[in-house]
Amino acid sequence: MPTTLLGACLAALLATAPLALSPPPPATPRPLAPPPARLTPPLAAMLILINAERARADAGPLHADATLDRIAQARSQDMLDRHYFAHEIPGVPGVHDVSDLLDRAHVPYQSAGENLARNNDLAFEPLDRAIRATNDDLMHSPEHRANLLEPTYTTLGLGLAVERGTAILILTEVFVQP
């Protein structure tokens, strides 16, 4: 770039942008994006709670993904139906954990994580309070909190299964860095 053009660009920039001698004012927090309409109200509430925690930690919001939601929902329902609760998936040849499920569903990812929560809060309180309590429990566990706040994760799948007779609730959260 010729010196005269560079000088003209610098002069124009300095004329329109005064030099700041003090730090800029704090950024106004952006409102959280509403959850996708396809999420059930309890899962939409969970996504809002998760993204509020991430906003407080200066991590970007997680975006729900329909394929990840199906994987998470299938995980929750499978644990309820087959009466187990574990990150390792028993009795399915070639499938040991959530990464195997992601691979089978052809979900591209650099890293992935999974949070599982099981409780019987529904025996004592309505579903909306049980969802809040479940999120609080996950946030108080260092490993689960690390997944929830991991800044490289950008995409999330949520699944919730409830066994009415026992009031057992199983929540699965699948995190992905594409």
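Residues numbered from 1 in each chain as written. Predicted model: local features only at pLDDT ≥ 70, side-chain atom pairs only at ≥ 80, totals over all residues. Heavy atoms only, no water.

S.K.: Outline the side chain of Arg54, listing residues and values.
M.R.: Inspection of the secondary structure puts Arg54 in helix 2 (residues 41-56). Here Arg54 is buried and forms no salt bridge, its nearest opposite-charge partner Glu150 lying at an N-O distance of 7.4 Å. A polar contact of 3.0 Å, which involves the side chain of Arg54, links it to the backbone oxygen of Tyr153. Residues contacting Arg54, with those up to four places away along its chain left out, are Ala59, Gly60, Pro61, Leu62, Asn147, Leu148, Leu149, Glu150, Pro151 and Tyr153. (Helix = DSSP H or I, 4+ residues; strand = E, 2+ residues; numbered from the N terminus. Buried < 20%, exposed > 50% of the residue type's maximum accessible area, 1.4 Å probe, protein only. Lys, Arg positive; Asp, Glu negative; His and termini not counted. Salt bridge = Lys/Arg side-chain N within 4 Å of Asp/Glu carboxyl O. Polar contact = N/O pair within 3.5 Å; in protein donor to acceptor, adjacent residues only side chain to side chain. Contact = heavy atoms within 4.5 Å.)

S.K.: Mind laying out unusual backbone geometry, listing which residues take part and the relevant values?
M.R.: The phi dihedral of His106 falls on the positive side, at around 60 degrees, and the residue is not glycine. When you line up the elements, His106 lands in the loop between helix 4 (98-104) and strand 2 (111-119). For His106, a relative accessible area of 71% gives the class exposed.

S.K.: Report on the sheet that holds strand 2, specifying residues and quantitative values.
M.R.: Spatial ordering of the open sheet is given by 1-3-4-2, a layout of four strands whose pairing is mixed. Two strands lie at the open edges of the sheet, namely strand 1 (63-64) and strand 2, each paired on one side alone. Two strands pair when backbone bridges link them, and strand 1 and strand 3 (residues 155-163) are joined in this way by two bridges, in the parallel orientation. Residue pairing across strands places His63 opposite Thr155, the latter belonging to strand 3. In this fold helix 6 (residues 142-149) packs onto strand 2 and strand 4 (168-177), with an angle of close to 130 degrees to the strand it touches most, strand 2. (Pairing = 2+ DSSP bridges. Axes fitted to C-alpha atoms, helices over the stretch in contact; angles between N-to-C directions.)

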